[in-house]
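Observations on chain architecture
What follows is each chain in one-letter form.
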Amino acid sequence: HITAKVAAKKDEPGVTFHSFPKDLEKRKIWISNTKINDWEPSKNSRLCSKHFEACYFYQTDTQTRVRLLNGAVPTIFPELPKYLQPKK
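The protein is annotated in an unreviewed UniProt entry as THAP-type domain-containing protein from Rhamnusium bicolor.

Structure representation (structure tokens):
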């Protein structure tokens, strides 16, 4: 779910929202994987945790926040046809 394009359920248990990377190369990969043509995420755009494999998450020391690892790449987009699925 991309909050700039799709209304996501913010109160869904276990779902977290993550900003697009500031690093331009990583950002390009994230944008490419969403398969949204002619779209650039704003500073408020977020991608929900459902688009990331479990291996990309860690919890902070306080165990209250879930974060993405630095190399996280969104690869789960079940709404896309198989031929458009990002390579893992």
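Things to note about the overall build of the protein
Within the protein, the regular secondary structure consists of one helix and four strands. Shown N-terminal to C-terminal, the secondary structure of the protein runs as helices and strands in the order β-α-β-β-β. The burial tally for the protein puts 32% of its 88 residues in the buried class. Summing over all exposed atoms, the protein offers an accessible surface of approximately 6400 Å²; the carbon and sulfur share of this is 52%.

Looking at helix α1 (residues 24-34)
Those residues of α1 not exposed but buried are R27, W30, I31, N33 and T34. All buried residues of α1 lie within an arc of 165° about the axis, which places them on one face of the element. Structural note: α1 exposes E25 and K28 on the side pointing more than 90 degrees away from its buried face. Taken together, the buried residues of α1 touch β1 (17-19), β2 (46-48) and β4 (66-68). The N-cap residue of α1 is D23: its side-chain oxygen and the backbone nitrogen of E25 are 3.2 Å apart. Immediately downstream of α1, the backbone of K35 shows phi near 60°, a positive value.

Description of unusual backbone geometry
Phi at K35 takes a positive value of approximately 60°, unusual for a residue other than glycine. Following the sequence through the fold, K35 ends up in the loop between α1 and β2. We note that D38 has phi near 50°; this positive angle belongs to a residue other than glycine. Judged by its relative accessible area of 86%, D38 falls in the exposed class.

So, how was this worked out
Residues numbered from 1 in each chain as written. Predicted model: local features only at pLDDT ≥ 70, side-chain atom pairs only at ≥ 80, totals over all residues. Heavy atoms only, no water. Helix = DSSP H or I, 4+ residues; strand = E, 2+ residues; numbered from the N terminus. Buried < 20%, exposed > 50% of the residue type's maximum accessible area, 1.4 Å probe, protein only. Areas by Shrake-Rupley, 256 points an atom, 1.4 Å probe, with all protein chains shown as cover. Arc of directions from axis to C-beta. Contact = heavy atoms within 4.5 Å. Polar contact = N/O pair within 3.5 Å; in protein donor to acceptor, adjacent residues only side chain to side chain.

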